[in-house]
2 protein chains.
Amino acid sequence: MVTTRKLREVPSDHYNVFAKECPARMVLDRIGDKWALLILDHLKSGKTRFNELKRSVGGISQKVLSGVLKTLERDGLIYREVYPTVPVTVEYSLTPLGETLTEAISAVTHWAELHMKEILSAREAYDLKV
Amino acid sequence: MVTTRKLREVPSDHYNVFAKECPARMVLDRIGDKWALLILDHLKSGKTRFNELKRSVGGISQKVLSGVLKTLERDGLIYREVYPTVPVTVEYSLTPLGETLTEAISAVTHWAELHMKEILSAREAYDLKV
DNA sequence: AGAGATTAGTTTCTTTTTGAAACTATCTTT
DNA sequence: AAAGATAGTTTCAAAAAGAAACTAATCTCT
């Protein structure tokens, strides 16, 4: 026997984000990323175009935005609709599946805004000690 | 005028995770990270030691685990307690502030486990098309 | 007594990812 | 004619992550 450790509840089919090889972990690898969180959270406010997202999500590069949107689309979390206007228009929006995720995500981003002060003062205290 | 875009509600003091320079964003930079999410989520089950965390959070390297724990401690989200046993014992646990975050985080990790199948089939569908 | 394992990390080196900037292509505006 | 907008891709340098070895003190096994 190696160590005694508490096991956590795992839903239905033995999926477990803590297991490196579990597909659920691959899912978390995608959504557990600040850019994905911000993009999904922003899409809650409705269809958004590429450059609009780039302006809204401050500091993201086009390359990363493009990449994250691609994987979110592949994972069925967002739609990508192309309109043959000139220049071309591309609209991104949440799929029903993506919508089921945004509540959880908003809770996290909202938490960040809400508890910022506590974190900043914790940092100050820590930096004084060390 | 640049573009018309919907503004989202911002809590109390004009903090906004979408703004690159906002301190709330720095907070999200920390917690919007798969390793931080997994570590915090795991700590819900109680005090945990370094190597126990390493075993539980599959695939994390010691270097990264050590680094993430350090920043989580600095941000006041976890405690680090050292006991002068031999060999030394170090226990990590959630602070009250950290506990306020774990509910939001569990929602995300739990979502990953719950909706894995939908995501996997979305991927298959996408890969067939492209 | 020496080998091996344990603790919680750090160090070094390689590989991967990220970020910044420039570039594409087509059309409209100045 | 040059500039600006669209939605990206490409290229290159910098930063981060991952793998593996190393630390130091002590206990256990042979």
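For the structure itself, consult the block above.
Just so we're clear, the structure is a prediction, and the values are computed from it rather than from any experiment.

What counts and what doesn't
- Residues numbered from 1 in each chain as written.
- Chains lettered and ligands numbered in written order.
- Predicted model: local features only at pLDDT ≥ 70, side-chain atom pairs only at ≥ 80, totals over all residues.
- Heavy atoms only, no water.
- Helix = DSSP H or I, 4+ residues; strand = E, 2+ residues; numbered from the N terminus.
- Contact = heavy atoms within 4.5 Å.
- Core = buried A, V, L, I, M, F, W, Y, C linked by side-chain atoms within 4.5 Å.
- Buried < 20%, exposed > 50% of the residue type's maximum accessible area, 1.4 Å probe, protein only.
- Salt bridge = Lys/Arg side-chain N within 4 Å of Asp/Glu carboxyl O.
- Least-squares fit on C-alpha atoms with pLDDT ≥ 70 in both.
- Near = heavy atom within 4 Å.
- Polar contact = N/O pair within 3.5 Å; in protein donor to acceptor, adjacent residues only side chain to side chain.
- Pairing = 2+ DSSP bridges.
- Axes fitted to C-alpha atoms, helices over the stretch in contact; angles between N-to-C directions.
- Parallel < 35°, antiparallel > 145°, perpendicular 65-115°, else oblique.
- Nonpolar A, V, L, I, M, F, W, Y, C, P; charged D, E, K, R; others polar.

I would appreciate a short explanation of the environment of Val57(B) in the present structure.
Inspection of the secondary structure assignment puts Val57(B) in the loop between helix 3 (50-56) and helix 4 (62-74). Sequence-wise, Val57(B) and Pro96(B) are 39 residues apart; in three dimensions their C-alpha atoms are separated by 22 Å. Contact partners of Val57(B), with chain neighbours within four places excluded, come to Phe18(A), Arg25(A), Trp35(B), Leu38(B) and Ile39(B).

Honestly, the nonpolar core in this entry has me stumped. Any pointers?
The biggest cluster of nonpolar side chains holds 73 residues, and the ones touching the most others in it are Ile39(A) and Ile39(B). If we ignore the near neighbours within four places in the chain, the residues touching Ile39(A) are Leu53(A), Val57(A), Ile60(A), Leu65(A), Val68(A), Leu69(A) and Leu72(A).

Any chance you could explain the pattern of salt bridges here in plain terms?
Should the charged atoms of two oppositely charged side chains come close, the side chains can pair. With the rule as written, the count across this model stands at 14 salt bridges over all chains. Arg30(A) is paired through a salt bridge with Asp75(A); the nearest N and O atoms lie 3.6 Å apart. With a gap of 45 residues between them, Arg30(A) in helix 1 (residues 23-31) and Asp75(A) in the loop between helix 4 (62-74) and strand 2 (78-83) connect regions that are remote in the sequence. For Asp75(A), a relative accessible area of 1% corresponds to the buried category. Here the residues in one salt-bridge network are Arg25(A), Asp29(A) and Lys34(B), joined through shared partners.

It is not clear to me how the relation of the copies chain B and chain A should be interpreted in this structure. Could you clarify?
The two chain copies are related to each other by a rotation about an axis together with a translation along it. The operation relating chain B to chain A is a screw motion whose rotation component is 180°, with 0.0 Å of axial translation and a residual RMSD of 0.0 Å. Put plainly, the chains are arranged around a two-fold axis. Judged by C-alpha distance, Asp33(B) is the residue of chain B that lies nearest the rotation axis, at 2.5 Å. A share of 99% of interface residues in chain B that are also interface residues in chain A marks the association as one of identical surfaces.

Which parts of the structure should I look at to understand the protein's contact with DNA strand C?
Not every one of the 17 residues close to DNA strand C is listed here, only the nearest: Lys63(A), Gln62(B), Ser66(B), Arg80(B) and Tyr92(B). Between DNA strand C and the protein, one listed contact pairs a base nitrogen with a side-chain N or O atom of Gln62(B) at 2.8 Å. Within the side chain of Tyr92(B), a nitrogen or oxygen atom sits 2.6 Å from a phosphate oxygen of DNA strand C. For the surface near DNA strand C, the elements supplying multiple residues, two or more each, are helix 4 of chain A together with helix 3, helix 4 and strand 3 (89-94) of chain B. Here the element with the most residues in the surface near DNA strand C is helix 4 of chain B; it accounts for four residues.

Which parts of the structure should I look at to understand the sheet that holds strand 2 of chain A?
Pairing between sheet strands relies on hydrogen bonds along the backbone, with the strands arranged either parallel or antiparallel. All names here are of chain A. If you walk across this open sheet you meet the three strands as 1-3-2, and the pairing is antiparallel. With one partner strand each, in any of the chains shown, strand 1 (48-49) and strand 2 form the two edges of the open sheet. Relative to strand 3 (residues 89-94), strand 2 runs antiparallel, the two being bridged by six bridges. Each residue of the ladder has a partner; that of Tyr83, found in strand 3, is Thr89. On top of the sheet, helix 2 (residues 34-43) reaches strand 1, strand 2 and strand 3; it is set at about 90° to strand 3, its chief contact.

Mind showing me how you'd approach the packing of helix 6 (residues 116-129) of chain A against helix 1 (residues 23-31) of chain B here?
To describe two helices that pack against each other, one gives the angle between their axes and the distance between the axes. At a closest axis distance of 9 Å, the pairing of helix 6 of chain A and helix 1 of chain B adopts a crossing angle of 80°. Taken together, helix 6 of chain A and helix 1 of chain B sit at an angle that is classed as roughly perpendicular. Of the residues in helix 1 of chain B, those touching helix 6 of chain A at Met116(A), Ile119(A), Leu120(A) and Arg123(A) are Pro23(B), Ala24(B), Met26(B), Val27(B) and Arg30(B). Here the residues of the contact of helix 6 of chain A with helix 1 of chain B sort into seven nonpolar, no polar and two charged.

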